[in-house]
Amino acid sequence: MCNSLAPAPYRATSFAPEDTDRRKEYPPAPEPLPVPVMDNHTHLDFRHGLIEVAVSDAMDAAEAVGVQGAVQVGCDLESSRFTVQAVDADPRLLGAVAIHPNDAPIYAGRGELDSALAEIEELAKHPRIRAIGETGLDFFRTHGEGLAHQRYSFRRHIDIAKRLGLTLQIHDRDAHDDVVQVLAEEGAPDRVVFHCFSGDEDLARICNENGWYMSFAGTMTFKNAANLRAALAIAEPSRVLVETDSPFLTPHPYRGRPNASYMVPYTVRSMAEVTGNDLSELCSRLAENTLDAYGTWA
């Protein structure tokens, strides 16, 4: 059974009249996992709920339920700078920095994409920044001329990841074939993670063949996500990761409410049901895979 309340840092103590919407309340804390895991993708600088939670408080709440670390992810220059500050402030964090594919056309329109990418490369040299991401292609929110800027930015991020020896975290929305094509054309880095894996069995097989990681978020618990559960069922166990993408993509039965790293156990338990794995064994595998993908947190 889950706890009746969200962790203390996530409880709103007062409500403004416009903030009484239950959808802005954080869900209750889950039962702790038997073996600690890591949240492979979170945005601690994004606010979605009623309150703002400090990095240390967020990680304390996560650690209390068996989520011992997280990868904080930047999406633009501001959030990437925040990421460097966060990994310096809390040893339970590693970081990823990038220009999000939907932001690449914005920077390009201001004539600032190349300079932004240059700063991303400098930020990525920090020893606790272990990934370039999230980068990739998004055909849902970007169309027309913006797609050329997305492709250019994606290729540049791949190059940075390879030259710095970092993992590549991919954002792939409605663009599976094109993402795979670009990776083939550019030559993928040694470690590639499909963040918030959104494909089907066909993409899972491609990831299996190439040794690419598939990171499953709360979306795999949604009732309409049979394709994700089918993909997870055939994914090579050594290529599977778990994430929140918090504050987004809160797992069932709290879909639509704010997400946070302490919510990982809901998704992990659903993953165990889909794969038929013992929960402790799955947790151990997820932790091992995360270390393989990003290196040690020490």
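Positions within a chain are numbered from 1, following the residues in the order the chain's sequence is written. Local features in this predicted model are restricted to residues of pLDDT 70 or higher, and side-chain atom pairs are both shown and tallied only at a pLDDT of 80 or more, whereas totals for entire chains, interfaces and linings draw on every residue. Side-chain measures were taken over the full set of non-hydrogen atoms in the model, leaving aside hydrogen atoms and water.

Peer 1: Account for the nonpolar core, with residues named and values stated.
Peer 2: Within the largest apolar cluster, 78 residues are counted, with the highest numbers of intra-cluster contacts made by Tyr 10, Phe 154, Leu 183, Phe 194, Phe 197, Tyr 262 and Met 271. The contacts of Phe 154, once residues within four sequence positions are left out, are Thr 135, Gly 136, Leu 137, Leu 168, Ile 170, Val 179, Val 182 and Leu 183. If you look at the next biggest cluster of nonpolar residues, it comprises 13 residues, including Leu 94, Ala 96, Ala 131 and Tyr 213. Among buried residues, the Ala, Val, Leu, Ile, Met, Phe, Trp, Tyr and Cys ones that are joined through side-chain atoms within 4.5 Å form a nonpolar core. Buried means the residue's accessible area, taken with a 1.4 Å probe over protein chains only, is under 20% of the maximum for its type, while exposed means over 50%, and partly exposed covers the values in between. Pairs of residues are marked as contacts when any of their non-hydrogen atoms sit within 4.5 Å.

Peer 1: Can you explain the environment of Arg 255? Please cite residues and give values.
Peer 2: Under the scheme used here, helices are H or I runs from DSSP no shorter than 4 residues and strands are E runs no shorter than 2 residues, and both carry numbers assigned from the N terminus. When you line up the elements, Arg 255 lands in the loop between strand S8 (240-242) and helix H9 (264-275). Residues Arg 255 and Pro 27 lie 228 residues apart in sequence; the distance between their C-alpha atoms is 9.5 Å. Every residue in contact with Arg 255, bar those within four places of it in the chain, is listed here: Phe 222, Asn 224 and Thr 250.

Peer 1: I'd love a proper account of the packing of aromatic side chains, names of residues and values included.
Peer 2: When we look at a pair of aromatic rings, we describe it by the centre distance and by the angle of the planes. Aromatic pairs are defined between Phe, Tyr and Trp rings, using the six-membered ring for Trp, whenever the two ring centres lie within 6.5 Å; interplanar angles under 30 degrees are classed as stacked, those over 60 as edge-to-face, and all others as tilted. Counted under the stated rule, the structure contains 6 aromatic pairs. Taking 5.0 Å as the distance between ring centres and 50° as the angle between the ring planes, the aromatic pair formed by Tyr 10 and Tyr 262 counts as tilted. Taken as a pair, Tyr 10 in the segment before strand S1 (37-42) and Tyr 262 in the loop between S8 and H9 lie far apart in primary sequence, 252 residues in all. For the pair Tyr 10 and Tyr 262, one class covers both residues: buried. Aromatic pair Phe 46 and Phe 248: ring centres 6.0 Å apart, planes at 65°, arrangement edge-to-face. In this pair, Phe 46 sits in the loop between S1 and helix H1 (55-64) while Phe 248 sits in the loop between S8 and H9, placing the two residues 202 residues apart along the sequence.

Peer 1: Give me the pairing of strand S4 (residues 129-138): which residues, what numbers.
Peer 2: Along S4, 10 of the 10 residues are buried, which leaves the element largely enclosed by surrounding structure. By this definition, two strands are paired if DSSP reports at least two bridges between them. Pairing between strand S3 (residues 93-97) and S4: 3 bridges, direction parallel. Across the sheet, residue Ala 96 finds its bridge partner in S4, namely Ala 131. Across 6 bridges, the pairing between S4 and strand S5 (residues 167-173) is parallel.

Peer 1: Got a sec to walk through the packing of helix H4 (residues 113-123) against helix H5 (residues 146-164)? Specific residues and values, please.
Peer 2: With axes taken as lines fitted to C-alpha atoms, and helix axes fitted only over the stretch in contact, angles between N-to-C directions fall between 0 and 180 degrees. Their axes nearest at 11 Å, the elements H4 and H5 cross at an angle of 25°. By the angle between their directions, the pair H4 and H5 is classed as roughly parallel. Pair H4 / H5 crosses with right-handed handedness. Taken together, the residues of H5 that come into contact with H4 (itself represented by Leu 113, Asp 114, Leu 117 and Glu 121) are His 149, Tyr 152, Ser 153, Arg 156, His 157, Ile 160, Arg 163 and Leu 164. Ten residue types, Ala, Val, Leu, Ile, Met, Phe, Trp, Tyr, Cys and Pro, are classed as nonpolar, four, Asp, Glu, Lys and Arg, as charged, and the remainder, Gly among them, as polar. When grouped by side-chain class, the residues that make up the contact of H4 with H5 number 5 nonpolar, 3 polar and 4 charged. Orientation is classified from the angle alone, with under 35 degrees giving roughly parallel, over 145 giving roughly antiparallel, 65 to 115 giving roughly perpendicular, and any other angle giving oblique. Each helix crossing is assigned a hand: it is left-handed if the near helix lies turned anticlockwise from the far helix by less than a right angle, otherwise right-handed if that turn is clockwise.

Peer 1: Got a sec to walk through helix H7 (residues 201-210)? Specific residues and values, please.
Peer 2: Residues Leu 203, Ala 204 and Cys 207 constitute the buried set of H7. Across the axial projection of H7, the buried residues extend over an arc of 105°, all falling on one side. Away from the buried face of H7 by more than 90 degrees, exposed residues Asp 202 and Glu 209 are located. Close packing links the buried residues of H7 with S5, helix H6 (176-186), strand S6 (192-194), strand S7 (213-216) and helix H8 (226-234). Sitting at the amino-terminal end of H7 is Asp 200, which places a side-chain oxygen 3.1 Å from the backbone nitrogen of Asp 202. Here, the arc refers to the directions that run from the helix axis to the C-beta atoms. Definition of a polar contact: a pair of N or O atoms within 3.5 Å, with one able to donate and the other able to accept a hydrogen when the atoms are protein atoms, and with sequence-neighbouring residues admitted only if both atoms are side-chain atoms.

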